[in-house]
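# Reading the structure
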Amino acid sequence: QVQLVESGGGLVQAGGSLRLSCAASGRTFSRYGMGWFRQAPGKEREFVARINWSGGSTYYADSVKGRFTISRDNAKNTVYLQMNSLKPEDTAVYYCAADPGHHLSVQALWYDYWGQGTQVTVSS
């Protein structure tokens with residue numbers, strides 16, 4: 001069992017930055033693929049970014065490419081999402097998710113464990 005706890009959300013003006021953190025419990029964190037997803041009001045949950053077990057492979061949704069960076073520190077059991085040049089359309093609840101099967105997928109169904117989410121609000 002893996003528990004994930006996100007932090008770092010908040011209110012920021014357009015063009016600003018935030019860094020989200022996701023702390024994971026469990027000794028097998030370093031073996032998992034990890035992902036970030038988001039869900040805006042009235043919309044379906046969508047993929048944002050994912051990272052492989054070592055951090056050597058990352059992939060981003062087109063909507064955030066060049067602005068967001070996913071990274072991980074396996075010694076701290078933590079994955080991060082650095083968000084720069086934020087836009088109002090980035091407003092959503094952001095979730096981190098763990099993929100024990102290391103499928104490196106953009107689909108939520110391959111992620112077995114989810115955090116509770118952290119709210120990001122970008123004002124115009």
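Further up the page is the structure itself.
These numbers come from a predicted model, not from an experiment.

Within the protein one finds zero helices and eleven strands. Reading the secondary structure of the protein in the N-to-C direction produces β-β-β-β-β-β-β-β-β-β-β. Rg of the C-alpha trace for the protein: 13 Å, near the compact-globule value of 14 Å for 124 residues, within the 12% margin. By its C-alpha atoms, the protein is 40 × 25 × 25 Å across when sized along the principal axes. The contacts in the protein between residues at least 6 apart in sequence include a share of 58% that link residues at least 24 apart. Total accessible area computed for the protein in this model is approximately 6,300 Å², and 47% of it derives from carbon and sulfur atoms. Treating the 12 positive side-chain charges of the protein as one cloud and the 9 negative ones as another, the clouds have centres 6 Å apart.

Here we come to the nonpolar core. Within the largest apolar cluster, 34 residues are counted, with the highest numbers of intra-cluster contacts made by Met34, Trp36, Leu81, Met83 and Tyr94. Put simply, the parts of the chain that give this core at least two residues each are β3 (18-24), β4 (33-39), β5 (46-51), β7 (68-73), β8 (78-83), β9 (92-99) and β11 (118-123). Among the elements that make up this core, the one with the highest residue count is β9 (five residues). Those residues in contact with Leu81 that lie beyond four places of it in its chain are Leu18, Arg19, Leu20, Trp36, Val48, Ala49, Phe68, Thr69, Ile70 and Tyr94.

Below, the discussion takes up the pattern of salt bridges. This model, assessed by the stated rule, comprises four salt bridges. The salt bridge involving Arg38 is made with Glu46; its shortest N-O contact spans 2.6 Å. Taking relative accessible area as the criterion, Arg38 reaches 6% and is therefore assigned buried. One salt bridge connects Arg67 with Asp90, and the closest N-O pair in it is separated by 2.7 Å. In this pair, Arg67 sits in the loop between β6 (58-60) and β7 while Asp90 sits in the loop between β8 and β9, placing the two residues 23 residues apart along the sequence.

Glancing now at the state of the cysteines. With the rule as written, the count across this model stands at one disulfide. Disulfide pairing is shown between Cys22 and Cys96; the S-S distance is 1.9 Å. Between Cys22 and Cys96 the sulfur-sulfur dihedral comes to about 45 degrees; the bridge is accordingly right-handed. Here the residue Cys22 occupies a position in strand β3, and Cys96 occupies one in strand β9, the gap between them amounting to 74 residues. The class of Cys22 is buried, set by a relative accessible area of 0%. Accessibility expressed as a relative area gives 0% for Cys96, which makes it buried.

Before going further, it helps to examine the packing of aromatic side chains. In the structure shown here, the tally under the stated rule is five aromatic pairs. With a centroid separation of 5.1 Å and an interplanar angle of 75 degrees, the aromatic rings of Phe37 and Tyr111 are classed as edge-to-face. Pair noted here: Phe37 is in strand β4 and Tyr111 is in the loop between β9 and β10 (113-114), with a separation of 74 residues, a long-range link. The same class applies to Phe37 as to Tyr111, namely buried. The ring of Trp114 carries Arg45 above its face, with NZ or CZ at 4.7 Å from the centroid.

The rules behind these values
- Residues numbered from 1 in each chain as written.
- Predicted model: local features only at pLDDT ≥ 70, side-chain atom pairs only at ≥ 80, totals over all residues.
- Heavy atoms only, no water.
- Helix = DSSP H or I, 4+ residues; strand = E, 2+ residues; numbered from the N terminus.
- Rg over C-alpha atoms; globule rule 2.2 N^0.38 Å.
- Contact = heavy atoms within 4.5 Å.
- Areas by Shrake-Rupley, 256 points an atom, 1.4 Å probe, with all protein chains shown as cover.
- Lys, Arg positive; Asp, Glu negative; His and termini not counted.
- Charge placed at Lys NZ, Arg CZ, Asp CG, Glu CD.
- Core = buried A, V, L, I, M, F, W, Y, C linked by side-chain atoms within 4.5 Å.
- Buried < 20%, exposed > 50% of the residue type's maximum accessible area, 1.4 Å probe, protein only.
- Salt bridge = Lys/Arg side-chain N within 4 Å of Asp/Glu carboxyl O.
- Disulfide = S-S within 2.5 Å.
- Phe/Tyr/Trp six-rings, centres within 6.5 Å; stacked < 30°, edge-to-face > 60°.
- Lys NZ or Arg CZ within 6 Å of the ring centre and 35° of its normal.

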